[in-house]
Amino acid sequence: MKSIVAIQLKRIGDLILTLPALEALRKAYPAARISLVIDGDTAGLAPAIRCVDEVLVYKKNALNLRTFSALIFARHDAALDFTGTDRSALLTLLTQATRRVAFQWAEKNAFRSRSYTRFIDSPVRDQHTVDHYLDLLAGVDVAPAPAELHLDLPDSARSHVLDSSYIVIHAGAARAEKYWQPERWAAVIDYCQNEMKLPCVLIGGRSEMEQQAIREIREKTESSFIDMSGKLSLLESAALIADAQLFIGIDSGPSHLAAAAQTPQITLFGSTNPFHWRARHAKSIVLQGGKPNPLTIFDSHSTPGDLNALSTQEVIHAINLLLPIP
């Protein structure tokens, strides 16, 4: 194959967890031109995805002329749709590729089913998301193989990084059920700064919900932390996390950035199942409210946890496992 298109229009976490499949695709077809179509909200990560030849951006409510032209007028041998929505099905169809591949569940939709030539059976419920995305490569004769997450960060993204050692904290999210109590975050921050002697840098978005959470944390901390929320690009956030001594955060995009950098990390899970989304490198600890912690046994059918049942002491214990007190 000389030309392959991969389409991933989901959020940051899904894009990062698709990287092992893209790396495997590159190894299997080193001479092929590989194009990746991503959503406009994740476009900031494009310079760090070096295993593809071209990153095309699809923006909602925009003309997307460059992206449409690249899909329609280039000759593609294969198109892999990792997304499975009506929008991604249309983009797949526009490629006119000989092989147009999606997951089996897309066949159940009458419109989407006409966009593909092959469907891959890979129940997402039964495996980690990385393995699920690797399964799609069977549609272009690539056997799934173990692979690591990897972002190739440009040096320019590191221009802001602190000179000294630090811990990155990410406490915000788009979903209210992913929030941990501000007084518990404050206690963790005070412990890291007073006992571990490491400054804490808080990152996050500009949404009012996230900013309100950070204000509440600041009101309850005894020590002052560095607030970088809403001030960093995706690449800068990735670089900040990559160079940190430790990342502590909820199950979200930044936790997947930490996994891609293999930064020591503690990820707090509540209603989402860590079986599908956890970091799997050796320096990762998973904590889930109401479950034995640190969590080491993962079950695809596990009942949701309650993040509010997770104590401050459980998080501090995990910190001490990864970073001994100086």
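Scroll up a little and you will see the structure.
Residues numbered from 1 in each chain as written. Predicted model: local features only at pLDDT ≥ 70, side-chain atom pairs only at ≥ 80, totals over all residues. Heavy atoms only, no water.

Here we look at the overall build of the chain
Right, so step 1: The secondary structure content of the chain amounts to eleven helices and twelve strands.
Right, so step 2: Scaling as 2.2 N^0.38, a compact globule of 326 residues should have a C-alpha radius of gyration of about 20 Å, and the chain matches this with 21 Å.
Right, so step 3: Dimensions along the principal axes, computed over C-alpha positions, put the chain at roughly 60 × 40 × 35 Å.
Right, so step 4: Counting the 326 residues in the chain, one finds 57% classified as buried.
Right, so step 5: Working note: accessible area of the chain is about 14400 Å², and carbon and sulfur atoms make up 51% of it.
Right, so step 6: Taken as two groups, the 33 positive and 35 negative side-chain charges of the chain have centres that lie 6 Å from each other. (Helix = DSSP H or I, 4+ residues; strand = E, 2+ residues; numbered from the N terminus. Rg over C-alpha atoms; globule rule 2.2 N^0.38 Å. Buried < 20%, exposed > 50% of the residue type's maximum accessible area, 1.4 Å probe, protein only. Areas by Shrake-Rupley, 256 points an atom, 1.4 Å probe, with all protein chains shown as cover. Lys, Arg positive; Asp, Glu negative; His and termini not counted. Charge placed at Lys NZ, Arg CZ, Asp CG, Glu CD.)

Details of the packing of helix H1 (residues 12-28) against helix H9 (residues 253-261)
Right, so step 1: Where H1 meets H9, the axes come as close as 8 Å, and the angle between the chain directions of the two elements is 20°. Viewed along their axes, H1 and H9 adopt a mutual orientation that is roughly parallel. In this structure, H1 crosses over H9, and the sense of that crossing is left-handed. Where H1 abuts H9, its residues Ile12, Gly13, Ile16 and Leu17 lie against Gly253, His256, Leu257 and Ala260.
Right, so step 2: Residue composition of the contact of H1 with H9, grouped by class: five nonpolar, three polar and no charged. (Axes fitted to C-alpha atoms, helices over the stretch in contact; angles between N-to-C directions. Parallel < 35°, antiparallel > 145°, perpendicular 65-115°, else oblique. Left-handed = near helix turned anticlockwise from the far one by under 90°. Contact = heavy atoms within 4.5 Å. Nonpolar A, V, L, I, M, F, W, Y, C, P; charged D, E, K, R; others polar.)

So, the pattern of salt bridges
Right, so step 1: Summed over the entire model, instances satisfying the criterion amount to twelve salt bridges.
Right, so step 2: The partner of aspartate 251 in a salt bridge is lysine 178, with the nearest N and O atoms 3.7 Å apart. Taken as a pair, aspartate 251 in the loop between strand S10 (246-250) and H9 and lysine 178 in the loop between strand S7 (167-170) and helix H6 (182-194) lie far apart in primary sequence, 73 residues in all.
Right, so step 3: On the basis of relative accessible area, aspartate 251 is assigned to the buried category, the value being 5%. (Salt bridge = Lys/Arg side-chain N within 4 Å of Asp/Glu carboxyl O.)

Details of the sheet that holds strand S2 (residues 33-39)
Right, so step 1: In space, the six strands of this open sheet follow the order S3-S2-S1-S4-S5-S6, with parallel pairing throughout. The open sheet has two free edges, formed respectively by strand S3 (54-58) and strand S6 (118-120), since each of these has just one partner strand. On average, each strand axis in the sheet is tilted by 20° relative to the strand beside it, whichever way the strands run.
Right, so step 2: Across five bridges, the pairing between S2 and S3 is parallel. Note on S3: the bridge partner recorded for aspartate 39 is tyrosine 58.
Right, so step 3: Relative to the sheet, helix H3 (residues 86-94) contacts strand S1 (3-8), S2, S3, strand S4 (78-81) and strand S5 (99-103), its axis offset from that of S4 by approximately 175°. (Pairing = 2+ DSSP bridges.)

Some thoughts on the nonpolar core
Right, so step 1: If you look at the biggest cluster of nonpolar residues, it comprises 57 residues, and the most contacted ones within it are Leu25, Ile49 and Leu80.
Right, so step 2: Counting residues per element, this core draws most heavily on H1, which supplies nine residues.
Right, so step 3: Residues contacting leucine 25, with those up to four places away along its chain left out, are Ile4, Ile34, Leu80, Leu137, Val140 and Val142.
Right, so step 4: By size, the runner-up hydrophobic cluster in this structure holds 34 residues, among which are Cys192, Cys200, Leu202 and Ile285. (Core = buried A, V, L, I, M, F, W, Y, C linked by side-chain atoms within 4.5 Å.)

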